[in-house]
Structure formats: structure tokens, C-alpha cells
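Examination of the molecular architecture
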Amino acid sequence: MNCRVCKKKAVIAIPRHNTAFCADCFDKYLMDQVRKTIKEFRMFEPGDRILLAVSGGKDSLALWEILKRLELDVLGYHLDLGISEYSKESTEKTRAFAEKRGYPLIIEEIESETGATLPVIAESTKRPPCSACGLSKRHLFNRAARQHGCQVLATGHNLDDEASRLLGNILHWQDGYLEKQSPSLPAEGGLIRKVKPLNRLTEKEMATYAYLKGIDYVIRECPMSADAKQIFYKKVLNDIEKESPGTKQFFYFGFLERLEKMFPPSSENAPPAGSCKVCQEPCYTDICSFCRLRMKLSPFPETQETAESSINFI
Ligand code: SF4
């Protein structure tokens, strides 16, 4: 198989575009896709400082490098979830990646913030692990962005992540989640702007980029995701994609084209109007979900000052 552009030996085939690329032409394709996404969804503004959520997996580490190649101002943020060996490896790979390239990184631990690791939080509160994890990340990302002068939060969600999430949300008619599935959510009600610059690129393309760039990332899946329906939806979509290349992209981008018509702005989807009495972060009620979670784990939650003192810089 040869590269469709320069006829050198191809390193990757991309059936949905009926093409194949050598390493150099693939790099150009990938960077063009990211640039196109950033421009089309108006993800960044001049002078923006970006807080990048970094898990230690291929997508977030690769996105970090891509955003730096685009000469953007990026601050990495890693949350150590306390999931035994998995979290140790994720934190170490993230730290090593940042140190090797001289990228600034903040590491926080969920245990310092709540008094418990994620498995303990899930067990004690009877909450699904991914729900407790998502709630904590939303809160801590927003807080870190505010504390470090970032105007936008970027995450490494790729096309497979977004299409499988969309499938799950449609199968269960989760209107509240569907209307928030834009790859670029504006800042509102004290919540930072959120963007997903990799939404045109698949898992396979991101894994190929990471391999070609020598990025050392965590390969194994998070052990708490064992029951996650997301994995099943990804498999279903991959089976469809094999039979009919391009369906995944058509499904997801077709939804984005219809998103505004389906969910016009209304008072029902208004942003948080107030702030939490405990932590002062944006909140719909008196006390935010994260502080309520902390209170369930301990009747005496840490003060904001104590929580902030647990931040480590490299
Ligand atoms: Fe968090 Fe669930 Fe993702 Fe694990 S799989 S990192 S618990 S959201």
C-alpha cells in the first residue's frame, strides 16, 4: 500500500477518506484536521491560555504536543484518581512526558481534595465510578483554570469517543447531554469555555500519531471502566464502520449540523446562576455537587485554602 499523495510506502490506511498516507503526509493530514476543527468551531482566541486535561493516554498527550506545535499557550493538568497501579502509571507517564519536553504541568490528587481515592468514593457513596469521576473532574478543571488564568479547557476526546457518546445519548434520549455535545461550549455562568480539537480524528489515527512521535503513553484502559457502556457502543460503531466506512463521521457531524435546530437556546438550559456557599465555584443550588460529595465522605470538608495548598508544580 502506497501513500496517495507522494507514493512512498504508507503507514496508515484511512478507509473513510478512501486514502492512505506515509508518515510525513499523515502528519500533514492530522495537523490540517486539527487546524480545521479549531477554526470551524472557533475554539481559541488570540492570547488564550489553555488548560489541557491530561490523563496520560495517547489522545491527551498527543494533543498537548499538537497544540504546542501550533504555538499555543498550554498548561497541562493531571488529576491522580488513586486507582492503584493504573493511576500511578498514568501520573508517571504524564510527568515524564512534560519533563522531557519542558511543558508546564499541574498535578492534583482526588484523595487530597475529597479524603478518598476514586474506588473508595464510588464504594462509599454508591455512585457509579465514572459519574463520581466526571463530577470531580468538572469541578477541579474549572477551579484550576480560574486559579491559573486559563480561558479555555481542552480535552483529548476523539471521533470514536464523541460518536459512541452520541450513540449512548440517543439510545437513552438524554436530551440534557445531547444539547451539551458540541465540541466547543462557550464560557457561561462562571464555567470556562470547553473545546475538543481532536473530534475529526479516530482512535487509530491518534495511536498512529503517538507511535510515530515516540510518545510513551498508558495503553491499558482504566479498570473502573470495565462496565462502561461506552466500550460496547464503540465496538458496535466499529463493526458498522467496517461494513460502511465513513458512517461514524457522518453520524457525528450530521448531528452537529442539526444541534442548534434541535436545541435552540432557552431558559431551560440556562447556565448556573449562583455560586457554592462552601467553595464559591459556579453552582445551580446552594451547595455544588462536588462539595456535597465531599460532605458524604466526611462531615467536615476541607476548606478551600487547604484544598488549594495540595497543588504540586513541576
Ligand atoms: Fe474516570 Fe470512568 Fe474514565 Fe476511569 S473510565 S477515568 S473512572 S470516567
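Owing to the predicted nature of the structure, the values given are computational and were not obtained by experimental measurement.

**Quick look at the overall build of the protein**
- When its secondary structure is counted, the protein shows 13 helices and 11 strands.
- The C-alpha radius of gyration of the protein comes to 20 Å, within 12% of the 20 Å expected for a compact globule of 314 residues.
- Projecting the C-alpha coordinates of the protein onto the three principal axes gives extents of approximately 65 × 45 × 40 Å.
- For the protein, the residues scored as buried account for 50% of the 314 residues in total.
- In the protein, once contacts between residues fewer than 6 apart in sequence are set aside, the share between residues at least 24 apart is 71%.
- On the protein, roughly 16,000 Å² of surface is accessible, and the fraction owed to carbon and sulfur atoms is 54%.
- Of note, the protein has its 45 positive side-chain charges centred 4 Å away from the centre of its 42 negative side-chain charges.

**Quick notes on the confidence of the model for the protein**
- Residues at a pLDDT of 70 or more form 92% of the protein, whose mean pLDDT is 92.
- Considering only residues more than four positions removed or in separate chains, one finds that residues 301-314, a stretch of pLDDT under 50, has 31 contacts.

**Details of a nonpolar patch on the surface**
- A cluster of nonpolar residues, Val11, Tyr211 and Leu212, forms a patch on the protein surface that exposes about 320 Å² of accessible area.
- The class of Leu212 is partly exposed, set by a relative accessible area of 36%.

**What to know about the site of the ligand**
- Near the ligand you find Leu81, Leu118, Cys130, Cys133, Lys137, Cys222, Met224 and Ser225, and these make up its full shell.
- Partitioned by chemical class, the residues of the shell around the ligand number six nonpolar, one polar and one charged.

**Notes on the environment of Ser275**
- Of note, Ser275 is situated in strand 9 (residues 274-275).
- With 117 residues separating them in the primary sequence, Ser275 and Asn158 have C-alpha atoms 32 Å apart.
- Other than its neighbours up to four places away in sequence, Ser275 contacts Gln280, Glu281, Pro282, Cys283 and Asp286.

**Quick notes on the packing of helix 5 (residues 118-125) against helix 12 (residues 289-297)**
- Running from N to C, helix 5 and helix 12 cross one another at 80°; their axes reach a closest spacing of 10 Å. For the element pair helix 5 / helix 12, the angle class is roughly perpendicular. Every residue of helix 12 that contacts helix 5 at Ile121, Ser124 and Thr125 is listed here: Leu293, Lys296 and Leu297.
- The class makeup of the residues in the contact of helix 5 with helix 12 is three nonpolar, two polar and one charged.

**Quick look at the nonpolar core**
- Counting 53 residues, the largest nonpolar core has Leu30 and Trp64 as its most contacted members.
- The element that contributes the greatest number of residues to this core is helix 1 (residues 23-40), accounting for seven residues.
- Among all residues touching Leu30, those that are not within four sequence positions of it are Ile66, Leu201, Glu205, Met206 and Tyr209.
- In this structure, Leu75, Leu81, Ala116 and Cys222 belong to the second largest nonpolar core, which totals 32 residues.

**So, the pairing of strand 3 (residues 49-53)**
- Most of strand 3 is tucked away, with four of its five residues classed as buried.
- Across five bridges, strand 3 lies against strand 4 (residues 73-80) in parallel orientation. Bridge assignment links Leu51 to a residue of strand 4, and that residue is Leu75.
- The parallel pair strand 3 and strand 4, bridged by helix 2 (residues 58-69), forms a crossover whose chirality is right-handed.

Calculation criteria
- Residues numbered from 1 in each chain as written.
- Predicted model: local features only at pLDDT ≥ 70, side-chain atom pairs only at ≥ 80, totals over all residues.
- Heavy atoms only, no water.
- Helix = DSSP H or I, 4+ residues; strand = E, 2+ residues; numbered from the N terminus.
- Rg over C-alpha atoms; globule rule 2.2 N^0.38 Å.
- Buried < 20%, exposed > 50% of the residue type's maximum accessible area, 1.4 Å probe, protein only.
- Contact = heavy atoms within 4.5 Å.
- Areas by Shrake-Rupley, 256 points an atom, 1.4 Å probe, with all protein chains shown as cover.
- Lys, Arg positive; Asp, Glu negative; His and termini not counted.
- Charge placed at Lys NZ, Arg CZ, Asp CG, Glu CD.
- pLDDT = per-residue confidence, 0-100.
- Patch = residues over 30% accessible without salt bridge, like charges linked within 9 Å, V, L, I, M, F, W, Y side chains within 5 Å.
- Salt bridge = Lys/Arg side-chain N within 4 Å of Asp/Glu carboxyl O.
- Near = heavy atom within 4 Å.
- Nonpolar A, V, L, I, M, F, W, Y, C, P; charged D, E, K, R; others polar.
- Axes fitted to C-alpha atoms, helices over the stretch in contact; angles between N-to-C directions.
- Parallel < 35°, antiparallel > 145°, perpendicular 65-115°, else oblique.
- Core = buried A, V, L, I, M, F, W, Y, C linked by side-chain atoms within 4.5 Å.
- Pairing = 2+ DSSP bridges.
- Right-handed = clockwise from strand over helix to strand, strands pointing away.

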